[in-house]
Amino acid sequence: MPMYQVKPIGGREIRVDLPTCMYRLPNIHRDDGDRDHAFQDAEVDPAVKALEARQDEIMRRLYDLKAAVEGLSKTITTPDADIDVAHLSEVVDSKPLAGTADLDTLLGKNYGALRDIVINANPSHPPLSLLVLHCLLRKRFHVLSTVHVHSSVSNVPPHLLACFEEQDKNQSRHDFQLGFTLIWKDVPTPQMKFSIQNMCPIEGEGNIARFLFALLGQQQDPITATLVDSWIDMAIFQLGQGSSKEKVAVLRTINAALGRSPWLVGANRSLADIVTCCVVLQAAGPVAIPANVQKWMKSCENLPEFNGVYKLLQ
Amino acid sequence: MTKEENNGAAEELQIQSKKALKKQQKEAEKAAKKADKQAKLAAEQQTTSEEDFAKDRYGQPAMVQSQQKPDRVLVRIQDLTPEKADQLVWVRARIHTSRAKGKQCFLVLRHQQFNVQALVAVGDRASKQMVKFAANINKESIVDVEGVVRKVDQKIESCTQQDVELHIEKIFVISLAEPRLPLQLEDAVRPDGAGDEEGRATVNQDTRLDNRVIDLRTTTSQAVFRLQSGICHLFRDTLIKKGFVEIQTPKIISAASEGGANVFTVSYFKTSAYLAQSPQLYKQMCICADFEKVFCIGPVFRAEDSNTHRHLTEFVGLDIEMAFNYHYHEVVDQIADTMVQIFKGLRDNFTTEIETVNKQYPSEPFKFLEPTLRLEYKEGVAMLREAGIEMGDEEDLSTPNEKLLGRLVKEKYDTDFYILDKYPLAVRPFYTMPDPSNAKYSNSYDMFMRGEEILSGAQRIHDPDLLTERAIHHNIDLEKIKAYIDSFRYGAPPHAGGGIGLERVTMLYLGLHNVRQTSMFPRDPKRLTP
């Protein structure tokens, strides 16, 4: 016994006059033999056990997730590990899920201003696919389209300044549902700004195309979406910016895919067709265009939304 | 112990004697030097008294009183280029700096923004006395110099003419400056903050303005006012090309044109008159007189007792008024295009001036869109609300909100120039035309540069009845504005316009921070001179 033993100062039993106006509760300090016993018997409370099991489960799922992400990052950093789109496209029979395009849910709360999508693009490399998407947006929404020239560029060809059709001048800005402001500017890649408070700018024609297409409200199942994404990336990076060898290879892949189906993904015209076709139009240049691709481009050309683009190229 | 002490004393003695010896030696040296100097001085005096072979090559000739018309051609410093190498030229310039070094004297000669290095060295052309004379000319004096242009091997980084220097053969003082300058030109062009670190001086605004003549000689001031002249010229040029007519309006007027407050009263014989706050009424009268499109450039007076970075009591107004066919946006587009043409002209023709100003006052280049971005007031308010500002629909923009909106617009559209259209009717003057679709708003607009308002304009009411109604609504004494209302009684075309402050445009284009820097002789509540 390391301490002194001291006699209790007070008497053993102190009588406390408890007020009668209060509830009477059992003494919580008194030894509760039964409960103690049960605790020792089961070693651990079942509730704690359950909690532990849950944590283990969460940790296991986290590890799985980590492994999955690592795997994914590996596929992204090694280009060859990409999925083979050409073959997947046969398997999937995509059915465009018709969704409602509610701008409030897609773009966030409106503060009473025109929702203005600003796109900066270099006049030496017009983002044709975005103009096609602009046509589609105009079919669906009441869009105010304007073109400006930024002071960083001079001598923008007149046909680029007139790339949108005339529209009703009598309406004021706030009568429109959506603004589409195209600014010809000295930028390396197209750039889109929408809400400067809540959104960072979107860089690259393919990414902007995805954003604009999402506004049209066509929901896609994940596989279709992945296929479309992969075609877009292939078009923008390998066909648009690659060497002529790469271009030939990509055109061959496209040709093969178009041999099996009239469109690149699924039974209908998708975003993949829009972007890829525009890039082929712009970037193919001296490279010979295979037969299937030519046929497919003809059918793209016949779509009304491509009218403006062909006008620009002439 | 004692031994040591003894030793120490001896040593001390020795040291002392050594010291004494040294002292003696030094004194002897000094005396020798003195004698030497005296001898030299005497010798110099002798040579002076002897003869100066270059006597005719320097000096201070009689004041130019237009005695003669010599055929001498003066070459401008900016034209001293390597093509002129080995030519003998005459130059008139100011002494920017001078530095004597033995038998040589380096001068920097300056004319406007340009300067060149010049050299006087003792030789067969220049005597010792001539070098001394050149070295002793006060800074800022004006001299006529004859010299040979020589190419240099190493670029002279400190001068604008980097590839040549001038070997002076003759130097004459045309106008001598006082030896003490109220401010040094080098100090006046030093960027803000750079002086603090190196312990060098910068010149404060009031000293500059008190000695404006010297301050205006700095490269920065030269560039600012050359650019300002460019703005005026481009404004005039663009509008005349668009078919506008330049008009002159009276500046002494009988009734206050805008509102009535903030007006200067001047005595006018037996009665009093006012200084015009804007040429508004006269512009509108010219429209009623079928001039269709008019503009005027002239002084505008505002008796506002506000000492801010952007208010002056007298400034130059660039005013536009134009009759339109059906929609006032016709006018807005014309004004905006005029501004864009000015910006383009400045960008293309004043590159060196902009660079010079940027050296002292760094700023981002001015960016703009063509056609100009036009937002509606509602949109501006919505953008501010999204950024967390709380304000009412019909509230006017406060200065900080104006700046913030400018930043938001710049962020999204990357433009320093934009138009805000459709202001609430409540915050505009009584002659502003109400919006046809929403009585709360009006057909009025402001234009902004770098987030500060430069132009305020509107479609004016051209119907006398509506004008009367609006005036009554604003509790304006109808008697006082009778002449104004009457001018619309004999048929008036629909019209709109606006006015720009020249100093503000210059300031904001260059990204300067005080309008006094862009007013040659600024007038504010505390300054009436020079």
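Remember, predicted model here, so these are calculated numbers, not experimental data.

1. A few points about the overall build of chain A
For step 1, the next point in the chain: In terms of helices and strands, chain A carries 12 helices and 7 strands.
For step 2, the next point in the chain: By residue count, 26% of the 314 residues in chain A fall in the buried class.
For step 3, the next point in the chain: Taking contacts inside chain A between residues at least 6 apart in sequence as the whole, the part at least 24 apart equals 80%.

2. Let's talk about the overall build of chain B
For step 1, the next point in the chain: The number of helices and strands found in chain B is 15 helices and 19 strands.
For step 2, the next point in the chain: In summary, chain B has a C-alpha radius of gyration of 33 Å against a globular reference of 24 Å for 530 residues, an excess of more than 25%.
For step 3, the next point in the chain: Restricting the contact set of chain B to residue pairs at least 6 apart, pairs at least 24 apart contribute 68%.

3. Re the domain arrangement of chain A
Residues and elements named next belong to chain A.
For step 1, the next point in the chain: Looking at the assigned domains, one finds that chain A contains domain 1 (85-97 + 220-313) and domain 2 (101-215).
For step 2, the next point in the chain: Each partner contributes residues to the interface: domain 1 has 14 residues there, and domain 2 has 15 residues.
For step 3, the next point in the chain: Every element with two or more residues in the side of domain 1 that touches domain 2 is listed here: helix H8 (222-241), helix H10 (271-283) and helix H12 (307-313).
For step 4, the next point in the chain: Each residue belonging to the side of domain 1 that touches domain 2 can be placed in one class, and the counts come to 10 nonpolar, 2 polar and 2 charged.

4. Some remarks on the interface of chain B and chain A
A common measure of how large an interface is: the accessible area buried when the components associate.
For step 1, the next point in the chain: Tallying the contact residues gives 21 residues for chain B and 16 residues for chain A.
For step 2, the next point in the chain: Elements with a contribution of two residues or more to the side of chain B that touches chain A: helix H9 (329-349), strand E14 (369-370), strand E15 (373-376), helix H11 (377-386) and helix H12 (399-413) of chain B.
For step 3, the next point in the chain: At 6 residues, the largest contribution of residues to the side of chain B that touches chain A is made by H11(B).
For step 4, the next point in the chain: By residue class, the composition of the side of chain B that touches chain A is 10 nonpolar, no polar and 11 charged.

5. Regarding the sheet that holds strand E9 (residues 252-253) of chain B
Residues and elements named next belong to chain B.
For step 1, the next point in the chain: The strand order across the open sheet formed by 3 strands is E9-E11-E10, and the pairing between neighbours is antiparallel. The sheet terminates laterally at E9 and strand E10 (265-268), the two strands that pair on one side only.
For step 2, the next point in the chain: Here E9 runs beside strand E11 (residues 271-275); their pairing, made up of 2 bridges, is antiparallel. In the strand pairing of E11, Ile252 is matched with Leu275.

6. Considering the nonpolar core
For step 1, the next point in the chain: The biggest cluster of nonpolar side chains holds 132 residues, and the ones touching the most others in it are A:Ile119, A:Val132, A:Ala209, A:Trp231, A:Ile232 and A:Val275.
For step 2, the next point in the chain: Beyond its immediate stretch of four places on either side in the chain, A:Val132 contacts A:Ile274, A:Cys278, A:Glu305, A:Phe306 and A:Val309.

7. Here's the deal with the environment of B:Gly243
For step 1, the next point in the chain: Counting through the fold element by element, B:Gly243 comes out in the loop between helix H7 (219-241) and strand E8 (245-246).
For step 2, the next point in the chain: The spatial distance from the C-alpha of B:Gly243 to the C-alpha of B:Val294 is 8.7 Å, given a sequence separation of 51 residues.

8. With respect to the packing of H8(A) against H10(A)
Residue and element names in this part refer to chain A.
For step 1, the next point in the chain: The contact between H8 and H10 brings their axes to 8 Å, and the two run at 10 degrees. In terms of their interaxial angle, H8 and H10 are classed as roughly parallel. Between H8 and H10, the contacting residues are Val228, Trp231, Ile232, Ala235, Ile236, Leu239 and Gly240 on the first element and Leu271, Ala272, Val275, Thr276, Val279, Val280 and Ala283 on the second.
For step 2, the next point in the chain: Looking at the contact of H8 with H10, its residues break down into 12 nonpolar, 2 polar and no charged.

9. Digging into the pairing of strand E4 (residues 178-184) of chain A
Looking along a regular strand, one sees side chains alternate from face to face of the sheet.
All names here are of chain A.
For step 1, the next point in the chain: Counted residue by residue, E4 has 5 buried out of 7 residues, so it is predominantly covered.
For step 2, the next point in the chain: With 6 bridges connecting them, strand E2 (residues 116-121) and E4 associate as parallel partners. By the bridge assignment, Ile117 is partnered in E4 with Phe180.

10. Brief notes about the domain arrangement of chain B
For step 1, the next point in the chain: Taken domain by domain, chain B holds domain 1 (74-175), domain 2 (185-215) and domain 3 (219-518).
For step 2, the next point in the chain: Each of domain 1 of chain B and domain 3 of chain B has a C-alpha centre, and the two are 48 Å apart.

11. Some words on the packing of H7(B) against helix H10 (residues 351-360) of chain B
Residues and elements named next belong to chain B.
For step 1, the next point in the chain: Their axes nearest at 8 Å, the elements H7 and H10 cross at an angle of 135 degrees. The orientation of H7 with respect to H10, classified from their angle, is oblique. Two packed elements cross with a definite hand, and for H7 against H10 that hand is left-handed. Counting all contacts with H7, which are made through Thr219, Thr220, Ala223, Val224, Arg226 and Leu227, the residues of H10 involved are Glu353, Thr356, Val357 and Gln360.
For step 2, the next point in the chain: Among the residues forming the contact of H7 with H10, the class breakdown is 4 nonpolar, 4 polar and 2 charged.

12. Details of the sheet that holds E2(A)
For step 1, the next point in the chain: Pairing within the open sheet is mixed, and its 6 strands lie in the order E6(A)-E5(A)-E2(A)-E4(A)-E3(A)-E14(B). One side of each edge strand has no neighbouring strand; the edge strands of this open sheet are strand E6 (202-203) of chain A together with E14 of chain B.

13. Overview of the pairing of strand E3 (residues 143-150) of chain A
For step 1, the next point in the chain: In the sheet, E3(A) pairs with E4(A) via 7 bridges, with the strands oriented parallel. Across the sheet, the residue bridging to A:Leu144 is A:Gly179, located in E4(A).
For step 2, the next point in the chain: Sheet analysis places E3(A) next to E14(B), joined by 2 bridges and oriented antiparallel. Residue pairing in the sheet places A:His150 in a bridge with B:Leu369 of E14(B).

14. Comments concerning unusual backbone geometry
Trans is the prevailing form of peptide bonds, just as negative phi is the prevailing case for residues other than glycine.
Residue and element names in this part refer to chain B.
For step 1, the next point in the chain: A cis amide bond links Glu370 with the next residue in sequence, Pro371, at an omega value of -10 degrees.
For step 2, the next point in the chain: Positionally, Pro371 belongs in the loop between E14 and E15.
For step 3, the next point in the chain: Going from Thr529 to Pro530, the amide bond is cis rather than trans, its omega being -10 degrees.
For step 4, the next point in the chain: Mapped onto the elements of the fold, Pro530 is located in the segment after helix H15 (502-510).
For step 5, the next point in the chain: Located in the positive-phi region is Ser66, a residue other than glycine, with phi close to 60 degrees.
For step 6, the next point in the chain: In this structure, Ser66 sits in the loop between strand E1 (58-59) and strand E2 (74-75).
For step 7, the next point in the chain: Phi is positive for Gln112, which is not a glycine, with a value near 55 degrees.
For step 8, the next point in the chain: Inspection of the secondary structure assignment puts Gln112 in the loop between strand E4 (104-111) and strand E5 (114-121).
For step 9, the next point in the chain: Take Gln112: there are 16 C-beta atoms within 10 Å of it, and that puts it in the partly exposed class.

15. Notes on the confidence of the model for chain B
Residues and elements named next belong to chain B.
For step 1, the next point in the chain: Overall, the prediction assigns chain B a mean pLDDT of 88, with 92% of residues at 70 or greater.
For step 2, the next point in the chain: The lowest-confidence element of chain B is helix H4 (residues 194-198), averaging 60 in pLDDT; the highest-confidence one is E8, averaging 96.
For step 3, the next point in the chain: Scoring the predicted complex yields pTM 0.78 and, for the interface, ipTM 0.77.

16. Brief notes about helix H2 (residues 128-135) of chain B
Residues and elements named next belong to chain B.
For step 1, the next point in the chain: Within H2 the residues assigned to the buried category are Met130, Val131, Phe133 and Ala134. Around the axis of H2, the buried residues are gathered within 160 degrees of arc, so they sit on the same side.
For step 2, the next point in the chain: Buried residues along H2 sit in contact with E1, E4, E5 and strand E7 (164-175).

17. A closer look at the confidence of the model for chain A
For step 1, the next point in the chain: Taken residue by residue, chain A gives an average pLDDT of 79. The fraction at 70 or more is 81%.
For step 2, the next point in the chain: Long-range and interchain partners of residues 79-99 of chain A, a stretch whose pLDDT sits below 50, account for 36 contacts in this model, where long-range means more than four residues apart.

18. Quick look at the environment of B:Ala85
For step 1, the next point in the chain: Along the chain, B:Ala85 turns up in the loop between E2 and strand E3 (88-101).
For step 2, the next point in the chain: Beyond its immediate sequence surroundings of up to four residues, B:Ala85 is in contact with B:Val149, B:Arg150, B:Lys151 and B:Val164.

19. Here we look at the environment of B:Gly497
For step 1, the next point in the chain: By the element assignment, B:Gly497 lies in strand E19 (residues 495-501).
For step 2, the next point in the chain: For the pair B:Gly497 and B:Met322, spaced 175 residues apart in the sequence, the C-alpha separation amounts to 5.9 Å.

So, how was this worked out
Residues numbered from 1 in each chain as written. Chains lettered and ligands numbered in written order. Predicted model: local features only at pLDDT ≥ 70, side-chain atom pairs only at ≥ 80, totals over all residues. Helix = DSSP H or I, 4+ residues; strand = E, 2+ residues; numbered from the N terminus. Buried ≥ 20, exposed ≤ 12 C-beta atoms within 10 Å, placed from the backbone. Contact = placed C-beta atoms within 7 Å. Rg over C-alpha atoms; globule rule 2.2 N^0.38 Å. Domains from an automatic or database assignment. Nonpolar A, V, L, I, M, F, W, Y, C, P; charged D, E, K, R; others polar. Pairing = 2+ DSSP bridges. Core = buried A, V, L, I, M, F, W, Y, C linked by C-beta atoms within 7 Å. Axes fitted to C-alpha atoms, helices over the stretch in contact; angles between N-to-C directions. Parallel < 35°, antiparallel > 145°, perpendicular 65-115°, else oblique. Left-handed = near helix turned anticlockwise from the far one by under 90°. pLDDT = per-residue confidence, 0-100. Arc of directions from axis to C-beta.

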